[in-house]
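# Summary of structural features
Residues per chain are reported as follows:
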Amino acid sequence: MLKIEARAQPSKHWAYFSPILAVVLTLITGAILFSSLGQNPVEALYIFFISPIEDWYGISELLVKCIPILLCAYGLSLCYRASVWNIGAEGQLLMGGLIGSAMALQFVHSDSIWAMPLTLLAGILGGAAWAGIAAFLKLKMNSNEILVTIMLNYIALNLLVWAVHGPLKDPQGFNFPESALFAQSTILPVLFEGTRLHLGLVFVLLALAIIWVFVSKTFIGFQIRVLGMDKAAAKMAGFSQNKLSALVLLVCGGLAGLAGASEVSGPIGQLVPSISPGYGYAAIIVAFLGRLHPLGITLAGLLMALIFMGGEMAQISLALPSAITGIFQGLILFYLLSSDVLIRYRIKIKLPPINSVKKRVYPTQTEAQ
Amino acid sequence: MNNVKRLQMQGISKSYPGCKANDNISLEIGHGEIHALLGENGAGKSTLMKVLYGVVKPDQGVILFNGEAVEINQPADARALGIGMVFQHFSLFETLTVKENIELALGKQAGNSSTLAQRIRDISHKYQMPLDPNRRVATLSTGERQRVEIVRCLLLDIQLLILDEPTSVLTPQEVDALFITLKKLSDEGCSILFISHKLHEVAEICSAATILRGGKVSGHCNPKQQTPDAMARMMVGDGVEINHQTRRTYTHSAYLKVTNLSKAASSSFDIALNNISLTVNKGEILGIAGVAGNGQEALLKALSGETTDKTAQSIFIEQTCINALSPMQRRRMGVAFVPEERLGRGAVPEMDLAENALLTSFDFGLVNKGFLQWRKVVALTQNIIQKYKVKTPNTHTHAASLSGGNLQKFIIGREVEQQPKLLLMSHPTWGVDIGAQVAIHQAILDLRDKGCAVLVISEDLDELYKISDRLCAICDGQLSPILPTDDLALPQLGRWMAGDFMTEQQNREEAA
């Protein structure tokens, strides 16, 4: 008989092993899914997970994809450590892209060295301001940040669509919903010749180091962790819940805004209606898959970028619908949450007892009365 | 028939991952006997009771009830046998009436609904526990709520009543009333298992006692013939110092001064504070007695800064008004705080001891330009562990895996090591074993002797009489007069806990 039994202490091993188990289970389910669609499962998984990164260019594309995901996920991990449930990285990214583009379009005919830094700064401020709305509503009106940030995502998307159809539309663009192409002075430089891998990767590495040090080595980071684990203790110790919640939201918004600005001034090079295929949402999964730890998030971000690319490959080579990307993302989150049960509980195989109370002959209930 | 015992538990063993809660425990109770089960926290009392009441299945052992072996798989089985249990924490719905609560808990066993109210009245009258079946539980005092639980057991044809620490929530007068009921029950042949660690109460009503220590039976005795010290010795084992004598001090230099502190209730389950005035002098311990839920929590939060008030001016440290200051600002003025809940307020359960030491000691050289000095944090943690004899494998143990007493020693050590000028404590030794209790009291007294002002809120009157220099009671958000401990007799304090001082004050005001 199988039995689930509470552990005396949460298992450290399973905290690390559970994401791996989730990935393995996702692959197995994927194989079953592919074969039920009439595909050879081994070949399909190969096309999905291996073929996108078979060569150096593929790997560089993987890194390009993971830049916005990771920037958002590092910021989200900070929020989640403080138990601030920010679901709005997508909207913050879009606002970063929108405000960044508005700034970049001031420099269309300029080779000022300020063009790129100001574009990125505008993006950061745009994302932070968008998160600031949620922070303000949470702190002053006591609104639930989950609902507010989700709704702000849709508002951000519609603002962006309105902008590319209206004020930011390229006057010479034959009425296409696109902005003018950004000037070369605004575009993030490519790091390696022959790839699209841009300066954003450096931002990612910086964010990785800073967030890591911030969470594990600074007093504010410690306060954030205490707040996330135990609000009453944070209050008892005198840590300000309001200031900390606002801080994590603003930092996350800034990072997501940087991600948006880096997309429009990086691989895209102009403002278009769809600057993100859901990077901000994928980052939520990445943050949890990576155990909210910067290193774990980095690995999870690479995997998530691979799923995005695999989804594209599956559309091209296997003629599968684009929903396949979402399915894999959902599967991995589902299996992760299921596997996490094993951190606090263990599965015990119970054999019938050999020498226990049961062996003694008891009279039945009615006899005893 | 009379030589058959009411209850025999033989060789009961129960293990949990990482600990053996019950190890080959045997227990016998005769007809009409009031039997005490003594033991410190963690000695295995609760586990044994859960086995008996069908909440937990033993790994090994036999239970004989009236001489016949029985298997008790769930509480309903226990009730069917005639075993009733009153838990330490009541399981009543506040918004329902007494009758509805009883009906809900007993289900079919409650019998005919139309006669239930009358039966409740009859039984409560017979055992001198006046109770109105149609009152809402929310309007009942703690003592009355306990009566509901007892009456619920008595409605069934009961042969064994288990009471888990029944007196811990009662005023002394309510305890006397409870004991009259218990004696009457026992005269009628109902056996009673009385779980407690208050030795003088056990000596008063129990005729036999089984003492547990570390999951094993450490002795049997007749409490009427044993000294409390001898029983305490069986509970804690040899080598723990049990000391009752403490020196009182009388000082006059006020440190904390509260004048007419009032605060409206923030919810319907909150207690409003009404015109509370008190002073705590440097180098003295002020004790506040009271039954739980009479405004202690609101008072402590107002003093610690967990609730602040930007407009009021009623709390002063020396000459500074602190009503508007945050907990961190108050800590920086030298206030330390030991809350009632150890896990989930006093300490973060999922953080290790080093992180929990940092939680409130951050101003003591552990943070440099915003960066944590982990080496110093660990050094401080080791110092607290050694000095306060906290039993833990190392500084990286999670707070949640320490026993209550050990964690409390750690938390108090953390606050005392900050050398505060004002220490606020709520229930400092609640659920803590005697060894830890002695150590904690000594740490508080030492701090007092260094000139710290200490305020202790507790329900444990023994503790308050032991360490307080001055003593008062809180009831319904109001504070009684404050008297030197030795001038305040227990019956007087008991009346104050029940709110007597309010009418006294009113009379005086009317007379004036």
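## Side note on the environment of glycine 84 of chain B
Residues and elements named next belong to chain B.
- On the secondary structure map, glycine 84 appears in strand E6 (residues 83-86).
- With a relative accessible area of 4%, glycine 84 lands in the buried category.
- When the C-alpha atoms of glycine 84 and aspartate 157 are compared, they prove to be 9.4 Å apart, with 73 residues separating the residues in sequence.
- Dropping the residues within four chain positions of it, glycine 84 is found in contact with Tyr53, Cys153, Ile158, Leu160, Leu161 and Ile162.

## Re the domain arrangement of chain B
Residues and elements named next belong to chain B.
- Segmentation of chain B into domains returns domain 1 (7-236) and domain 2 (254-342 + 421-511).
- In this structure, domain 1 and domain 2 have C-alpha centres spaced 32 Å apart.
- In this complex, domain 1 contributes 13 residues to the contact, which on the side of domain 2 involves 16 residues.
- Between domain 1 and domain 2 lies a buried interface of about 1200 Å² when both sides are counted; carbon and sulfur atoms form 60% of it.
- Connecting domain 1 to domain 2 are zero salt bridges.
- In this assembly, domain 1 and domain 2 are joined by one residue pair in polar contact (both at pLDDT 80 or more).
- Of all the elements in the fold, those that place two or more residues in the side of domain 1 that touches domain 2 are helix H6 (172-187) and helix H8 (228-236).
- A total of three residues in the side of domain 1 that touches domain 2 trace back to one element, the largest contributor, which is H8.

## Looking at the packing of helix H11 (residues 279-289) of chain A against helix H13 (residues 323-339) of chain A
Residues and elements named next belong to chain A.
- One way to put it is that H11 packs onto H13 with a least axis distance of 10 Å and a crossing angle of 30 degrees. Considering the angle they form, H11 stands roughly parallel to H13. For the pair H11 and H13, the crossing hand works out as left-handed. Contacts from Ala282, Ile285, Phe288 and Leu289 of H11 reach H13 at Gln329, Ile332, Leu333 and Leu336.
- Looking at the contact of H11 with H13, its residues break down into seven nonpolar, one polar and no charged.

## Describing the sheet that holds strand E8 (residues 191-196) of chain B
All names here are of chain B.
- What the six strands build is an open sheet, ordered E6-E7-E8-E3-E9-E10; its pairing is mixed. In this open sheet, the two strands that pair with only one neighbour each are E6 and strand E10 (216-221). Neighbour-to-neighbour, the strand axes of the sheet open up by a mean angle of 20 degrees, direction not taken into account.
- Both strand E3 (residues 34-38) and strand E9 (residues 208-213) contribute to a ladder of four bridges, which runs parallel. Bridged to histidine 35 within E9 is alanine 208.
- Lying over the sheet, H6 contacts E3, strand E7 (160-164) and E8, oriented at roughly 145 degrees with respect to E8.

## Considering helix H11 (residues 353-361) of chain B
- Within H11 of chain B, nine of the nine residues are buried, leaving the element largely enclosed by the surrounding structure.
- Among the residues of H11 of chain B, those classed as buried are Leu353, Ala354, Glu355, Asn356, Ala357, Leu358, Leu359, Thr360 and Ser361 of chain B.
- On its buried face, H11 of chain B is in contact with helix H8 (219-229) and helix H9 (231-237) of chain A together with helix H10 (327-332), strand E18 (371-372), helix H12 (374-387) and helix H13 (404-416) of chain B.
- A side-chain oxygen of the first residue of H11 of chain B lies 3.1 Å from the backbone nitrogen of alanine 354 of chain B; this N-cap is aspartate 352 of chain B.

## Some words on the environment of valine 367 of chain B
Residues and elements named next belong to chain B.
- Relative to the helices and strands, valine 367 resides in strand E17 (residues 367-368).
- Residue class for valine 367 comes out partly exposed when judged on its relative accessible area of 25%.
- Separated by ten residues in the primary sequence, valine 367 and valine 377 have C-alpha atoms spaced 9.1 Å apart.

## Points about H11 of chain A
Residue and element names in this part refer to chain A.
- With nine of its eleven residues buried, H11 lies for the most part within the structure.
- For H11, the set of buried residues is Tyr279, Gly280, Ala282, Ala283, Ile284, Ile285, Val286, Ala287 and Leu289.
- Buried-residue contacts for H11 involve helix H1 (12-36), helix H3 (56-81), helix H4 (89-104), helix H10 (241-268), helix H12 (294-317) and H13.
- Trailing H11 by a residue or two, arginine 291 shows a phi angle of about 60 degrees, which is positive.

## A word on the domain arrangement of chain A
Residue and element names in this part refer to chain A.
- For chain A, the domain assignment lists domain 1 (1-39 + 320-351) and domain 2 (57-318).
- Spacing between the C-alpha centres of domain 1 and domain 2 amounts to 28 Å.
- With 18 residues of domain 1 in contact, the opposing surface of domain 2 contributes 13 residues.
- Both sides of the domain 1 and domain 2 interface together cover about 1300 Å² of buried area, and 70% of this is carbon and sulfur.
- Considering only the surface of domain 1 that becomes buried against domain 2, Leu320, Gln329 and Ile332 emerge as the three largest contributors, covering 37% of it.
- Remark: the boundary between domain 1 and domain 2 carries one salt bridge.
- The residue aspartate 340 makes a salt bridge to arginine 291 at a minimum N-O spacing of 2.6 Å.

## Details of the packing of aromatic side chains
- Tallied over the entire structure, the rule returns 19 aromatic pairs over all chains.
- On the numbers, 5.9 Å between centres and 70 degrees between planes, the contact of phenylalanine 179 of chain B with phenylalanine 194 of chain B is edge-to-face. On the criterion of sequence distance, the pair formed by phenylalanine 179 of chain B in helix H6 and phenylalanine 194 of chain B in strand E8 is long-range, its members being 15 residues apart.
- Owing to a relative accessible area of 1%, phenylalanine 179 of chain B belongs among the buried residues under this scheme.
- The exposure class of phenylalanine 194 of chain B is buried, given its relative accessible area of 0%.
- A network of ring pairs unites the aromatic residues Phe34, Phe48, Phe49 and Phe328 of chain A as a single cluster.

## Focus: the pairing of E10 of chain B
Residue and element names in this part refer to chain B.
- Where E9 lies against E10, five bridges are found, and the strand directions are antiparallel. Note on E10: the bridge partner recorded for leucine 212 is valine 217.
- Two successive antiparallel strands, E9 and E10, enclose a turn made up of two residues, where glycine 214 displays a positive phi of approximately 60 degrees.

## A closer look at the side chain of threonine 298 of chain A
Residue and element names in this part refer to chain A.
- Within the secondary structure, threonine 298 is located in helix H12.
- What makes threonine 298 buried here is its relative accessible area of 18%.
- In this structure the side chain of threonine 298 is engaged in a polar contact, spanning 2.9 Å, whose partner is the side chain of tyrosine 74.
- For threonine 298, the side chain forms a polar contact with the main-chain oxygen of proline 294, separated by 2.7 Å.
- Once you skip the residues sitting within four places of it in the chain, threonine 298 turns out to touch Leu70, Tyr74 and Leu208.

## What about the nonpolar core?
- In terms of nonpolar packing, the biggest core is built from 191 residues, with Phe239 of chain A together with Leu278 of chain B touching the most fellow members.
- Take this core: its biggest share by element is 15 residues, from H3 of chain A.
- Ignoring anything within four residues of it in the chain, the contact list for leucine 278 of chain B reads Leu256, Lys257, Val258, Leu286, Ile288, Leu455, Leu479 and Ile482 of chain B.
- Ranked by size, the runner-up nonpolar core spans 51 residues in total, among them Val148, Leu155, Ile158 and Ala209 of chain B.

The rules behind these values
Residues numbered from 1 in each chain as written. Chains lettered and ligands numbered in written order. Predicted model: local features only at pLDDT ≥ 70, side-chain atom pairs only at ≥ 80, totals over all residues. Heavy atoms only, no water. Helix = DSSP H or I, 4+ residues; strand = E, 2+ residues; numbered from the N terminus. Buried < 20%, exposed > 50% of the residue type's maximum accessible area, 1.4 Å probe, protein only. Contact = heavy atoms within 4.5 Å. Domains from an automatic or database assignment. Buried area = accessible area lost by both parts, 1.4 Å probe. Salt bridge = Lys/Arg side-chain N within 4 Å of Asp/Glu carboxyl O. Polar contact = N/O pair within 3.5 Å; in protein donor to acceptor, adjacent residues only side chain to side chain. Axes fitted to C-alpha atoms, helices over the stretch in contact; angles between N-to-C directions. Parallel < 35°, antiparallel > 145°, perpendicular 65-115°, else oblique. Left-handed = near helix turned anticlockwise from the far one by under 90°. Nonpolar A, V, L, I, M, F, W, Y, C, P; charged D, E, K, R; others polar. Pairing = 2+ DSSP bridges. Phe/Tyr/Trp six-rings, centres within 6.5 Å; stacked < 30°, edge-to-face > 60°. Core = buried A, V, L, I, M, F, W, Y, C linked by side-chain atoms within 4.5 Å.

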